[in-house]
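# Coordinate inspection notes
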Amino acid sequence: MLCGCIARSEKDVVVYSALDEEFASPILDAFQRSVEGKTRVLPKFDIESTKTVGLANLIIDQSNSPVCDVFWNNEILHTVRLQKAGLLEPRRWEIPPGHPPDLRAADGTWFGFAARARVLIVNTDLVKPGDFPKSVEDLASPKWKDQCAIARPLFGTTATHFAVLRDIQGEGETLNLLKQIRSNARVLSGNKQVALSVSAGSIAWGLTDTDDAFIEKDSGYPVEIIFPDQSPTGLGTLRIPNTIAVIRGAPHPVAAGQLADFLIRPETEDRLAMGNSSQMPLSSAAKFPPPVLPKEKVRWMRADLEAAAEGWPEWAKKLEEMFP
C-alpha cells in the first residue's frame, strides 16, 4: 500500500475533516507535495457548531455509495459511532514509537494522535487567582450564576466529554449535573464561542478545548488556562485525540491508506503542536512540547472512549430535550 505507484483511478483522495480548515489545510497540502502531485486532496470541512456530527452523519448517509475516503475527526466519539456501525476499514497502521495503545482501535479501524485537553479558560481581569474555578462541576455552582459558559453538549468535544462522564459516573448523576449547568451557566454554540466570550470579558470563565483557549492567551488577551479536576480525589483532565479512519468501501483505498499513514506521523503531531492549536503529541518520537501544557504534570482522566459512545442516539435525544 505504501510502496507502489498510485493507480491512475486514484489520483484524488477525499477527506472529511472536522479539524479546523486553518490547521488541517497546510498538512493536507504537505501530503500533496510529498507525492509530487500524483494525488489531489479534496477536503470537506463543516461549520464549528455541528461539524463532527454533521460529517459523521454524512458518512452514514453515504454508506451505500461512499464518497469520503478518509475521516479526520478532531475528537473521537463519532469516530467510534462509525466503527460500531461497521463503516470503517480495519487496517495495519504504521504505529509511531511510544504511542499509547488505549488511543487506537483494537480492531484497527481508527487511530488517535495529536490530542487536545478539556480545560477551563478564565478572564484574569474578572477573576482573581485565588478564586479561579478548579473543576468542571464548578459550572453548576451558584457562585458563578450567569458568569460561566459551556458549549451545547450535543456536538464536538463537549459531547464527548459528557458521554465520558456518563460512562464513569452513571447516566443519572451526569444528567443531574447537566441540568444544574443548564440553569446556572450560559450555553453557547461552540467551544470557540466560549473562549472568545471569556477573552472579550462577556463572561468570567468557561469550559473549552486547549486549542481555542491557547489562541486567546497567545493573542495577548487577559486569560489563564486551568487544567481541571487535578486534586487527588478529582477525575483528572480529559484528553481527546484527533482520530484518523479509512472509510469501508472508500473509492480510493490506496491513496486513502497513504494519506492516513502520513497524517499520524510524529512530524504531523509536531506541526500541530507548533501551530496556534498547540495540540499535544502522543508519540514519544515527537520532538516539540506544546506550549499549552503547564509546568506541573497533568493528571489525565482514565476514560474508556469506546464505551462512552455506547447508546449515543438515546443519550443524544435526552440532551436535545435538555438543551433545545
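Provided above is the structure to which this section pertains.
Cut-offs used in this document
- Residues numbered from 1 in each chain as written.
- Predicted model: local features only at pLDDT ≥ 70, side-chain atom pairs only at ≥ 80, totals over all residues.
- Heavy atoms only, no water.
- Helix = DSSP H or I, 4+ residues; strand = E, 2+ residues; numbered from the N terminus.
- Rg over C-alpha atoms; globule rule 2.2 N^0.38 Å.
- Buried < 20%, exposed > 50% of the residue type's maximum accessible area, 1.4 Å probe, protein only.
- Areas by Shrake-Rupley, 256 points an atom, 1.4 Å probe, with all protein chains shown as cover.
- Axes fitted to C-alpha atoms, helices over the stretch in contact; angles between N-to-C directions.
- Parallel < 35°, antiparallel > 145°, perpendicular 65-115°, else oblique.
- Left-handed = near helix turned anticlockwise from the far one by under 90°.
- Contact = heavy atoms within 4.5 Å.
- Nonpolar A, V, L, I, M, F, W, Y, C, P; charged D, E, K, R; others polar.
- Arc of directions from axis to C-beta.
- Phe/Tyr/Trp six-rings, centres within 6.5 Å; stacked < 30°, edge-to-face > 60°.
- Lys NZ or Arg CZ within 6 Å of the ring centre and 35° of its normal.
- Pairing = 2+ DSSP bridges.
- Right-handed = clockwise from strand over helix to strand, strands pointing away.

Next up on the list: the overall build of the protein chain. For the protein chain, the count of helices and strands is 11 helices and nine strands. The C-alpha radius of gyration of the protein chain comes to 19 Å, within 12% of the 20 Å expected for a compact globule of 324 residues. Dimensions of the protein chain along its principal axes, counting C-alpha atoms only, are 65 × 40 × 30 Å. Considering the protein chain as a whole, with its 324 residues, one finds that 56% of them fall into the buried category. Within the structure as shown, the protein chain displays about 14000 Å² of accessible surface, and the carbon and sulfur contribution to it stands at 50%.

In contact at an axis separation of 9 Å, helix α6 (residues 191-199) and helix α7 (residues 210-218) are set at 30 degrees when each is read in the N-to-C sense. One element, α6, and the other, α7, form an angle in the roughly parallel class. Considering how the two elements wind past one another, α6 and α7 form a crossing that is right-handed. Packed against α6, whose contacting residues are N191, K192, A195, L196 and S199, the element α7 presents D212, A213 and E216 at the interface. Considered class by class, the residues forming the contact of α6 with α7 number three nonpolar, two polar and three charged.

Right, let's talk about the environment of V292 for a bit. By the element assignment, V292 lies in the loop between α9 (266-274) and α10 (305-308). With a relative accessible area of 7%, V292 lands in the buried category. Residues V292 and D69, 223 residues apart in the sequence, show an inter-C-alpha distance of 32 Å. Look past the residues within four positions of V292 in its chain and what remains in contact with it is T210, F214, I225, F227, S278 and M280.

With that settled, the discussion passes to helix α11 (residues 312-322). The set of residues buried in α11 consists of W312, W315, A316, L319 and M322. The buried residues of α11 occupy an angular sector of 115 degrees when the element is viewed end-on, so they sit on one face. Structural note: α11 exposes P313, E314, K317 and E321 on the side pointing more than 90 degrees away from its buried face. Buried positions along α11 lie against α3 (77-84), α4 (156-169) and α5 (171-184).

Now for the packing of aromatic side chains. Under the defined criterion, the tally for this structure stands at five aromatic pairs. Here W144 and W205 contribute two aromatic rings whose centre-to-centre distance is 5.9 Å and whose plane-to-plane angle is 85 degrees, an arrangement assigned as edge-to-face. Of this pair, W144 sits in the loop between β4 (111-123) and β5 (148-151) while W205 is found in strand β7 (residues 205-209), placing the two residues 61 residues apart along the sequence. Classification of W205 as buried rests on a relative accessible area of 0%. Note that R265 overlies the ring of F262, its terminal NZ or CZ placed 4.1 Å from the centroid.

With that out of the way, let us pick up unusual backbone geometry. The bulk of non-glycine residues show a negative phi, and the bulk of peptide bonds are trans. With phi around 45 degrees, A114 is a residue other than glycine that occupies positive phi space. Looking at the element boundaries, A114 is found in strand β4. What makes A114 buried here is its relative accessible area of 0%. If you check the backbone angles, S278 has positive phi at about 45 degrees while not being a glycine.

Another point: the pairing of β7. Here β7 lies mainly inside the structure; five of its five residues are buried. Residues W205, L207 and D209 line one face of β7 and the alternating positions G206 and T208 line the opposite face, and both faces are buried. Bridging between β4 and β7 involves five bridges; their strand directions are antiparallel. Among the inter-strand pairings, L120 is bridged to a residue of β7, identified as L207.

This next bit is on the pairing of strand β1 (residues 12-17). The two faces of a sheet get side chains in turn, since along a regular strand they alternate between them. In terms of residue burial, β1 counts as a mostly covered element, since six of its six residues are buried. Every second residue of β1 is oriented toward a common face, with D12, V14 and Y16 on one face and V13, V15 and S17 on the other, all of them buried. Relative to strand β2 (residues 40-44), β1 runs parallel, the two being bridged by five bridges. Looking at β2, one finds that Y16 is bridged to K44. Remark: the β1/helix α1 (residues 21-34)/β2 crossover connection has right-handed handedness. Two elements, β1 and strand β3 (residues 70-73), share three bridges in a ladder whose sense is parallel. Bridge pairing in β3 links S17 to W72.

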